[in-house]
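So the chains spell out like this:
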Amino acid sequence: MASKDVSTTYYPYCMLQLSSPYLVVRTSYGKGLVTNRHRQTRQGRKAKPQTSVRSTSGAGFDFEDHVGAWHALQMLTGTPAVGIGIRADVLQTQTGALNPIDDIAVSVTAPDGVRKALISSKGNMHVTANGFPTDFAALAWQQFQHPNFTADRDAIVLATRTRHETFMEAWTELQTNARGSDPVLAKARIEGSARQMAIFNSLKAGASPNNVSDIDVLKLVGCIEVLPFSFQIANSQ
């Protein structure tokens, strides 16, 4: 399909599928990518007025669009997707029918099964030196415990606007400890750092019911990636 023959209309659900050498775009409605041929067959019809989620949601969706475009670029350049370690070939948005974390999902069918990264896009920093906010912690547990999530293949990604250096330093150390082979040693090392414990406890507090074990929290930590972006920031790179 020639690029000059296509225009894009945004809708709440969209799927991009990499089918070399083309990027195939699918939407949840009959029109999404509209060709000249489609326009001709619809001439004379009166379009029904539609108000999309995007048109009324403001800066949050603008940031989410940037995050989605960044992941699409990673797909096209063959870069491994954050959290799953290999290049994704499908990108979907607004997947609430499938997952609690529904902003963006990238996936690929690998020899060991489908691998996917489920991305929660936040147009602010969203983390502090004390860890994750309650809303994200609760959402992460919902996704982690969801039947559509496989902990040893899938990832939960929090995309944030700007980088919190204090958090990221402690989070990197916490992840390294959590992904070790000995959970007892991992917890002992985490307890030796007040900053790591604060983040650990912020995640544990989001569980419902709140009777999860420390090993469960370590497993969740191992599934989460925090991905700071500098979109819309002056003098960003």
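This text goes with the structure placed above it.
Residues numbered from 1 in each chain as written. Predicted model: local features only at pLDDT ≥ 70, side-chain atom pairs only at ≥ 80, totals over all residues. Heavy atoms only, no water.

**Observations regarding the side chain of Ser107**
Where we set the bar: Elements are defined by DSSP. Helices are runs of H or I of four residues or more, strands are runs of E of two residues or more, and each kind is numbered from the N terminus. Burial classes: relative accessible area under 20% of the type maximum marks a residue as buried, over 50% as exposed, and values in between as partly exposed (1.4 Å probe, protein chains only).
Examined against the element boundaries, Ser107 turns out to sit in strand β6 (residues 104-110). Here Ser107 falls in the buried class, since its relative accessible area comes to 13%.

**Some remarks on the pattern of salt bridges**
Worth spelling out the cut-off: The rule for a salt bridge is simple: a side-chain nitrogen of Lys or Arg has to be within 4 Å of a carboxyl oxygen of Asp or Glu.
Under the criterion given, the structure shown has 7 salt bridges. Lys187 is the partner of Asp214 in a salt bridge, and the nearest nitrogen-oxygen pair spans 2.8 Å. Of the two residues, Asp214 sits in helix α7 (residues 214-223) while Lys187 sits in helix α5 (residues 183-191), which places them 27 residues apart along the sequence. Residues Asp214 and Lys204 are paired through a salt bridge, measuring 2.7 Å at the closest nitrogen-oxygen approach. A residue pair is termed long-range when its members are at least 10 positions apart, and Asp214 in helix α7 and Lys204 in helix α6 (residues 194-204) qualify at 10 residues. Given the relative accessible area of 26%, Asp214 is considered partly exposed. Assessed through its relative accessible area of 26%, Lys204 is described here as partly exposed. One connected set of salt bridges, linked through shared partners, spans Lys187, Glu191, Lys204 and Asp214.

**A word on α6**
Our working rule: Residue contacts are counted whenever heavy atoms from the two residues lie within 4.5 Å of one another.
Within α6 the residues assigned to the buried category are Gln196, Met197, Ile199, Phe200, Ser202 and Leu203. For α6, the elements touching its buried residues are α3 (134-144), α4 (165-178), α5, α7 and β9 (224-229).

**What about the pairing of strand β7 (residues 113-121)?**
Selection rule: Any two strands with at least two DSSP bridges between them are considered paired. Convention used here: a crossover is right-handed provided that the path from the first strand, over the helix, to the second strand proceeds clockwise when the strands point away from the viewer.
Sheet topology places β6 next to β7; 7 bridges connect them, and they run antiparallel. If you follow Ala105 over to β7, its bridge partner there is Leu118. Where β6 folds back onto β7 in an antiparallel hairpin, the turn is made up of 2 residues. Inspection of the sheet shows β7 paired to strand β8 (residues 155-161) by 5 bridges, in the parallel sense. Within β8, the residue paired with Leu118 across the bridge is Ile156. In this view, the connection linking β7 to its parallel neighbour β8 by way of α3 has right-handed handedness.

**Concerning the side chain of His126**
Heads up, the condition is: Distance and chemistry together define a polar contact, namely a pair of N or O atoms within 3.5 Å, with one atom able to donate a hydrogen and the other to accept it when in protein, and with adjacent residues in sequence counting only for side-chain atoms on both sides.
Examined against the element boundaries, His126 turns out to sit in the loop between β7 and α3. Assessed through its relative accessible area of 18%, His126 is described here as buried. A distance of 3.1 Å separates polar atoms of two side chains, one belonging to His126 and the other to Asn124. Not counting the four nearest positions on each side in its chain, His126 is found in contact with Pro133, Asp135, Phe136, Leu158 and Thr160.

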